[in-house]
Amino acid sequence: MPHTEAQTAAATNFPGKKPLIISGPCSAETEEQLLATCTQLAATGRVDMLRAGIWKPRTKPGMFEGIGTKGLPWLQKARQLTGLPTTVEVATPKHVEDALAFEVDVLWIGARTTVNPFSVQALADALRGVQVPVFIKNPVHPDLELWLGAVERLAKAGVQNIGLIHRGFASYGNTEYRNAPMWHLPIEMRRRLPDLPLICDPSHICGNRTGLAAVAQQSIDLGFDGLMLESHIDPDNAWSDAKQQVTPQRLAELLDGLIWRQETTDQQEFLTVLAQLREQINQLDDEILHLLGRRMQVAESIGRYKKENDITILQTSRWNEILERGIRKGDQLGLTADFIRKYFDAVHLESINRQNSVMNK
Ligand code: PEP
Ligand code: MN
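Quantities reported herein were computed from a predicted structural model and do not represent experimental measurements. (Residues numbered from 1 in each chain as written. Chains lettered and ligands numbered in written order. Predicted model: local features only at pLDDT ≥ 70, side-chain atom pairs only at ≥ 80, totals over all residues. Heavy atoms only, no water.)

### A word on helix α7 (residues 144-156)
Counted only if it meets this: Here a helix means four or more residues in a row that DSSP labels H or I, a strand means two or more in a row labelled E, and each is numbered from the N terminus. Between the first and last residue of a helix there are one fewer steps than residues, each counted as 1.5 Å, and that sum is the expected span. Relative accessibility under 20% of the residue-type maximum defines a buried residue, over 50% an exposed one, and the middle range a partly exposed one, all with a 1.4 Å probe and only protein chains included. The arc in question is traced by the directions running from the helix axis to the C-beta atoms. Contacts described as polar in this section are N or O atom pairs within 3.5 Å, which, within protein, must combine one atom able to donate a hydrogen with one able to accept it, while residues neighboring in sequence count only if both atoms come from side chains.
In a regular helix each residue adds 1.5 Å, so 13 residues correspond to 18 Å; α7 covers 18 Å between its end C-alpha atoms and thus fits that length. Listing the buried residues of α7 in full gives L144, W147, L148, A150, V151 and L154. Looking straight down α7, one finds its buried side chains confined to an arc of 155°; they lie on one side. The distance from a side-chain oxygen at the start of α7 to the backbone nitrogen of E145 is 3.1 Å, and the residue carrying that oxygen is D143. At the exit of α7 stands G158, carrying a positive phi of roughly 95°.

Structure, rendered in structure tokens:
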């Protein structure tokens, strides 16, 4: 399988820069559209890598399924004109072969492919012995093990430079996002694989233009290594994902508006204040844990008392009362109802388990 010097360079210097900014259209549509978008992006001086969808996995048949291999020479031309490396989504071994033949520097596996272990394994086999970096998007649904499994399959095939793209997760009845960010999942992924670059794709999380900056900022605040954002010279008339794409000009403004925070600093005053605040948190956590311990002891007493009187553990009316009381009180203290519900769910479950063990001892 072909691999060029540029691909090797990209591989040894991966991801090359933090933050790594990747942009380009959802789909390559025509040579003019792709070249105009890419040259305008390069002219902003804010973009490190060009993206374009060549093969598009679409939810329903009859939608635009990508221009196919015919678009690769256009992307190669964009690469020559701008001097920027390129990246495309691959879903089959043939895609890998074609992309590499046209000097694509970095590949990515899309969310609809990461869910399928057979497809991921076929890609891993096609990548054996090829020095090309590969980004793996999270699977469509919130399954961390499947995402980790895809990383493992590629790593086992000898792919040395693997990156992660967080593009959000499908969830039922969600209206605010096209794909809910569920930030705890990429955070856990980072904890498990701290050495892999992790970048955020606000375009597919938001599904619209208005939310992009806030999601991008949030990912930066969480220490992500870069962004992938879709852009198009004429977003309203894009053949796919029209609602979420922005012009290269707007992309540059969006990037200018972001605050790139540092992960840490050696400035003494900052470190001292931070240490003090963290100590306060530790103190409060200790107090909360102490109180929770006492709460569980009371729950056990209730369990013993119910046992003596042959009363069931779960009483729905009491549970509703606890929850309503908590939400009211939480509201006065600036705690969201959502948080209070999750907190009481966990506490209540533990409490029931304690009563259960007392009762059935
Ligand atoms: C894309 O990047 O255009 C795309 C299809 O993304 P995802 O795999 O995240 O849906
Ligand atoms: Mn898209």
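We are not done yet, so read on.
### Quick notes on a nonpolar patch on the surface
To keep things clear, this is the line we draw: A patch is a set of surface residues, each over 30% in relative accessible area and not in a salt bridge, joined within 9 Å for like charges and within 5 Å for the nonpolar side chains Val, Leu, Ile, Met, Phe, Trp and Tyr. The protein chains shown are the only cover counted for residues, whose accessible areas, like all others here, come from Shrake-Rupley with a 1.4 Å probe. Whenever Lys or Arg places a side-chain nitrogen within 4 Å of a carboxyl oxygen from Asp or Glu, that contact is recorded as a salt bridge.
A surface patch of nonpolar side chains, amounting to about 380 Å² of accessible area, comprises L333, L335, F339 and Y343. Within the fold, L335 resides in the loop between α13 (316-332) and α14 (337-359). Since its relative accessible area comes to 36%, L335 is described here as partly exposed.

### Concerning the coordination of the manganese ion (ligand 2)
We apply this condition: Donor selection uses N, O and S atoms within 2.8 Å of the metal (3.2 Å for Na, K and Ca). Since no water is included, sites may look incomplete.
Donor atoms from the polypeptide that bind the manganese ion (ligand 2) are C26 (SG), H204 (NE2), E230 (OE) and D241 (OD), placed at 2.0 to 2.4 Å. Along the chain, the residues donating to the manganese ion (ligand 2) fall in the pattern C-x177-H-x25-E-x10-D. Of this pair, H204 sits in helix α9 (residues 202-206) while D241 sits in the loop between β8 (226-230) and α11 (248-256), placing them 37 residues apart in sequence. Residue H204 shares its accessibility class with D241, and that shared class is buried.

### Section: unusual backbone geometry
Here the bond from K18 into P19 is cis, since omega is -5°, no more than 30 degrees from zero. Relative to the helices and strands, P19 is located in the loop between α1 (5-12) and β1 (20-24). The phi angle at E103 is positive, at roughly 65°, despite the residue not being glycine. Looking at the element boundaries, E103 is found in the loop between α4 (93-101) and β4 (106-109).

### Thoughts on the UniProt feature "domain: Chorismate mutase" (unreviewed entry) in the protein
Basically, it comes down to this: UniProt positions are given in the numbering used here, feature names are shortened, and annotations may be inferred rather than shown by experiment.
Mapped onto the present numbering, the UniProt feature "domain: Chorismate mutase" (unreviewed entry) falls at residues 268-359. Between the end C-alpha atoms of residues 268-359 the distance is 55 Å, and the span holds 88% helix and 0% strand.

### Things to note about the pattern of salt bridges
Close approach of charged atoms allows side chains with opposite charge to pair. Scanning all chains against the criterion turns up 22 salt bridges. Linking R46 and D256 is a salt bridge whose minimum nitrogen-to-oxygen distance equals 1.9 Å. Of this pair, R46 sits in the loop between α2 (31-44) and β2 (49-51) while D256 is found in helix α11, placing the two residues 210 residues apart along the sequence. Here R192 and E145 are joined by a salt bridge, their closest N and O atoms 3.3 Å apart. Of this pair, R192 sits in helix α8 (residues 184-192) while E145 sits in helix α7; the two residues are 47 residues apart in sequence, bridging distant segments of the chain.

### Things to note about the pairing of β1
Note the following rule: Two strands form a pair only when DSSP identifies at least two bridges running between them. Note on handedness: a clockwise path from strand one over the helix to strand two, with the strands aimed away from the viewer, defines a right-handed crossover.
With five of five residues buried, β1 lies mostly within the body of the structure. Residues L20, I22 and G24 line one face of β1 and the alternating positions I21 and S23 line the opposite face, and both faces are buried. As paired strands, β1 and β8 are joined by five bridges and run parallel to one another. Note on β8: the bridge partner recorded for I21 is L227. Here β1 runs beside β2; their pairing, made up of two bridges, is parallel. The partner of S23 across the bridge, within β2, is L50. The β-α-β motif built from β1, the intervening α2 and the parallel element β2 has right-handed crossover chirality.

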